[in-house]
Amino acid sequence: MWGVNAASAIYHYTNYDANPWINVPGGLSDIGAGADGTVWGVNGGNQIFRYAGDQGASNPWTHINGSLVRIDPGSRTNVWGVDSADAIYRYTNHDANPWIKIPGALSDIGAGADGTVWGVNSGSQIFRYTGDQDSANPWKNITGGLSRIAVGSRTNVWGVNAAGAIYRYSNNDASPWINIPGRHRRRRGRHRLARQQERRHLPLHRRPAELTPPPPDCRGPGRGKAGAHTSATARQPGAREATLSRSAQQRLKHAAFHSVLQGRAPARPMTGRAADHEVRGPVGAVVVVAFGGWSV
């Protein structure tokens, strides 16, 4: 098993999960390995290489003429690739003239050890190679939509679609694909959403501005209506402004109202707000309750 990372570094599986990967010299953007140990790859400049490290070469990669962006060897004699224009090529087993062009256009291709070849095009259509059965049209369209495909053998074909969903070939062209749980690519945004949900539990004065509901003076369309979020602002001299929930607003209004009626709180008129209600207490104090705010 071989792979490359985002920095084009090459890794070979050690067959030991506790220390699974060994770095191999070189830099490749795509790599493929056959069942017989054959390994081919292409780099960011579309140059093609065959692994020769087990032969004791000082440079473990042999450069092969040609230009490809994807490559997959099913075995030493069954190597396929596609170039940047989606043209399809098959290895001739002769390094002096290594590639023969195959009719069709694919963006990704997979080859098995038994000679099976599948591919997908830029429109996510799926094709299986039948060139030895029909030279006029060497590709049979198979129902489904995939963006990448990998082939182990005639009965072992896997792929992923543009959303990262994983599929395995069912060996039945009438209903060809079985969805396998999991995702090939991590869906971004969920981690950010989780962080936002966690931060909503912070005290009001520690919440980031983007998580704090807007004050009533600048509430957007539909705010304040039934079923919509409504917030209020409690202002007290010398205290910072805090955003209150609807239920907290109501409790504060009632507390202020009763405090004034019982003569325990002086009146402070609200500056810059039109009063909706004025209630005079036994000592002449006035509590002003305005939409979205209160003052005692």
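Presented here is a report on the structure given in the accompanying data block. Note that residues are indexed from 1 along each chain, following the sequence as it is written. Confidence filtering applies because this is a predicted model: local features only for residues at pLDDT of at least 70, side-chain atom pairs given and counted only at 80 or more, and all residues used for totals across whole chains, interfaces and linings. Hydrogens are left out, water is left out, and the side-chain values use all remaining heavy atoms of the structure.

1. Some remarks on the packing of aromatic side chains
- Stacked, tilted and edge-to-face are the three classes applied to pairs of Phe, Tyr and Trp rings, where Trp contributes its six-membered ring and a pair requires centres within 6.5 Å; stacked means planes under 30 degrees apart, edge-to-face means over 60, and tilted covers the rest. Per the counting criterion, the structure on display carries 13 aromatic pairs.
- An aromatic cluster is present here, built from Trp2, Tyr51 and Trp61 joined pairwise through their rings.

2. A word on the side chain of Asp30
- Per the convention used, a helix needs a DSSP run of H or I reaching at least four residues, while a strand needs a run of E reaching at least two, with both numbered from the N terminus. Take Asp30: it is sitting in strand β4 (residues 30–33).
- Polar side-chain contacts of Asp30 include one of 3.0 Å to the backbone nitrogen of Ile71.
- If sequence neighbours within four positions are ignored, Asp30 has contacts with Val4, Trp40, Gly41, Val42, Val69, Arg70, Ile71 and Arg148. Between N or O atoms, a polar contact is any pair within 3.5 Å; within protein, one atom must be a potential hydrogen donor and the other a potential acceptor, and residues adjacent in sequence are included only when both atoms are from side chains. Two residues form a contact once any of their heavy atoms are found within 4.5 Å.

3. Things to note about the pairing of strand β12 (residues 108–111)
- Alternating positions in β12 separate into two faces, Asp108 and Gly110 on one and Ile109 and Ala111 on the other, with burial throughout.
- Note: two strands are recorded as paired if DSSP finds a minimum of 2 bridges between them. Remark: 5 residues form the turn of the hairpin made by β12 and strand β13 (residues 117–120), two consecutive strands paired antiparallel; Gly115 in that turn has positive phi of roughly 95 degrees. Only protein chains enter the accessibility calculation, which uses a 1.4 Å probe; a residue whose area is less than 20% of its type maximum is buried, one above 50% is exposed, and one in between is partly exposed.

4. Notes on the pattern of salt bridges
- Counted as salt bridges are all cases of a side-chain nitrogen of Lys or Arg within 4 Å of a carboxyl oxygen of Asp or Glu. With the rule as written, the count across this model stands at 5 salt bridges.
- Among the salt bridges present, the one from Arg128 reaches Asp173, with a minimum N-O distance of 2.8 Å. One end of the pair, Arg128, is in strand β14 (residues 126–129); the other, Asp173, is in the loop between β18 (165–169) and β19 (177–183), and 45 residues separate them in sequence.
- Residue classification places Arg128 among the buried residues on the basis of a relative accessible area of 17%.
- By relative accessible area, Asp173 is classed as partly exposed at 24%.
- Across the salt bridge formed by Asp173 and Lys140, the nearest N and O atoms sit 3.2 Å from each other. Of this pair, Asp173 sits in the loop between β18 and β19 while Lys140 is found in strand β15 (residues 139–142), placing the two residues 33 residues apart along the sequence.

These values are about where atoms sit, not about what they do.
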